[in-house]
Amino acid sequence: TDLHTSIDEFQFDNVFMNASGVRCYTKDELDELAESDAGTLVTKSATQAKRLGNPSPRYARLELGSINSMGLPNEGLEYYLDYALSFQKAHPDKPIFLSVASLSMEENLAMAHTIEDSDFNGLVEFNLSCPNVPGKPQTGYDFDRTQEVLTNLFSFFTKPAGVKLPPYFDLAQFDQMAAILNQFPLKFVNSINSLGNGLMIDPETDTALIKPKGGFGGIGGAYAKPIALANVRAFAQRLDPKIRLIGTGGVTNGRDAYDLILAGASLVQVGTLLQEEGPAAFTRLTRELRAVMQTKGYNAISDFKGQLKVLS
Ligand code: RRO
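Residues numbered from 1 in each chain as written. Predicted model: local features only at pLDDT ≥ 70, side-chain atom pairs only at ≥ 80, totals over all residues. Heavy atoms only, no water.

Student: Is there a simple way to explain helix 2 (residues 77–90) in this structure?
Tutor: Given 3.6 residues per turn, any residue in an α-helix points the same way as the ones three and four places further on. Here helix 2 is 14 residues long and its end C-alpha atoms lie 20 Å apart, about the 20 Å a rise of 1.5 Å per residue gives. Restricting attention to buried positions, one finds in helix 2 the residues Leu 77, Tyr 80, Leu 81, Tyr 83, Ala 84, Phe 87 and Gln 88. All buried residues of helix 2 fall inside an arc of 160° around its axis, so they share one side. Facing away from the buried surface of helix 2 by more than 90 degrees, the exposed residues are Glu 78, Lys 89 and Ala 90. (Helix = DSSP H or I, 4+ residues; strand = E, 2+ residues; numbered from the N terminus. Expected span 1.5 Å × (residues − 1). Buried < 20%, exposed > 50% of the residue type's maximum accessible area, 1.4 Å probe, protein only. Arc of directions from axis to C-beta.)

Student: Looking at this structure, how should I read the packing of helix 6 (residues 225–238) against helix 7 (residues 254–263)?
Tutor: The relative placement of two packed helices comes down to the angle between their axes together with the axis-to-axis distance. The geometry of helix 6 relative to helix 7 is characterised by a closest axis approach of 8 Å and an angle of 25° between their N-to-C directions. Here helix 6 is positioned roughly parallel relative to helix 7, judged by the angle of their axes. Here Lys 225, Ala 228, Leu 229, Val 232, Arg 233 and Ala 236 of helix 6 lie close against helix 7, whose contacting residues are Asp 256, Asp 259, Leu 260 and Ala 263. Classifying every residue of the contact of helix 6 with helix 7 by side-chain character gives six nonpolar, no polar and four charged. (Axes fitted to C-alpha atoms, helices over the stretch in contact; angles between N-to-C directions. Parallel < 35°, antiparallel > 145°, perpendicular 65-115°, else oblique. Contact = heavy atoms within 4.5 Å. Nonpolar A, V, L, I, M, F, W, Y, C, P; charged D, E, K, R; others polar.)

Student: Explain unusual backbone geometry to me, please; I cannot follow it from the model alone.
Tutor: Most peptide bonds take the trans configuration, and most residues that are not glycine carry a negative phi. Note the cis peptide between Ser 56 and Pro 57, where omega equals 0°. The residue Pro 57 is located in the loop between helix 1 (27–35) and strand 4 (59–62) in this model. Omega for the bond connecting Ser 191 with Ile 192 falls within 30 degrees of zero, at 10°, which places this linkage in the cis form. Relative to the helices and strands, Ile 192 is located in the loop between strand 9 (188–191) and strand 10 (195–199). With phi around 65°, Leu 72 is a residue other than glycine that occupies positive phi space. Here Leu 72 is to be found in the loop between strand 5 (65–68) and helix 2. Of note, Asp 206 is a non-glycine position whose phi angle comes to about 55°, a positive value.

Student: Before we go on, may I ask you to explain the sheet that holds strand 14 (residues 244–248) in this structure?
Tutor: Hydrogen bonds along the backbone pair up the strands of a sheet, which may run parallel or antiparallel. With respect to topology, seven strands assemble into an open sheet ordered 3-15-14-9-8-7-6, the strand pairing being parallel. A strand with exactly one partner marks an edge of an open sheet, and here the two such strands are strand 3 (16–18) and strand 6 (97–100). Here the average twist between neighbouring strands, direction ignored, is 25°. The sheet contact formed by strand 3 and strand 15 (residues 265–270) spans three bridges and is parallel. Looking at strand 15, one finds that Phe 16 is bridged to Val 268. (Pairing = 2+ DSSP bridges.)

Student: Looking at this model, I keep getting lost on the sheet that holds strand 13 (residues 216–221). Mind explaining?
Tutor: Spatially, 4-5-13-10 is the arrangement adopted by the four strands of the open sheet, whose pairing is antiparallel. A strand with exactly one partner marks an edge of an open sheet, and here the two such strands are strand 4 and strand 10. This sheet shows a mean twist of 40° between the axes of neighbouring strands, independent of strand direction. In terms of strand pairing, strand 5 meets strand 13 through four bridges, oriented antiparallel.

Here it is in structure tokens:
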């Protein structure tokens, strides 16, 4: 069985990769991902300048996933762009993703100009969905703002790019967002970022589990799976077929990945599980996805991608 997949002209040997933010903060962590069974990797969402992020504890493991309010800690765009430029020389057959998140329109455009003017030849993921920076609403929940950001961006940006979206919960939101995204030359849409602003309480101490924002944080892991599936499916039904889907959310085994692919995903990102199990998670997921495909008689991702059946 072959787990090969592609986005536009970019080819990947395996559908699995990390979700941005997880084990991709330092060059050592990125190297570990590169040496794992993952098909490729994405860097921690970068801002122009290095950021320390929110106070700790800012991540907690939960029974069915995780809660985080990291607050966009990162080494700054230059660090990740530098890594990506070296990586693309060393691994010409493994296109890398560079994730960018910004705190303002000016910063977003300035970073895009830096990338545009560089020799970067991979894919750029514009993160429109960070839920954890105090006072900064998630761009993806403001449709006019999203339209404005993408209009300004694609007035000059020509490198292959996509967007990372927050989860939506109403079909009208999918209609509106897809109508916006279809106006732009996006190579991919990545759904979903964490379920923003959840809250979990320690029963021993009646205290919120994490410190930032009074305990509010993005929820990932198994809690997110049905929402991720619905978001991938809803966008697959609405986006120009040239725009590929990346499915992120709730992958704990090979069947979860199979389900995201059935819903329409071309690549599958792993967040909470990767945080908890480390890069060996990719070895297990790869084996389990192959086993599901073999049981179904499929040899390739294209045999079942988007082939979800519904009751008539
Ligand atoms: O750094 C974070 O707090 C963070 C980001 Br930028 C994001 O996009 N999603 C998330 O769950 N955490």
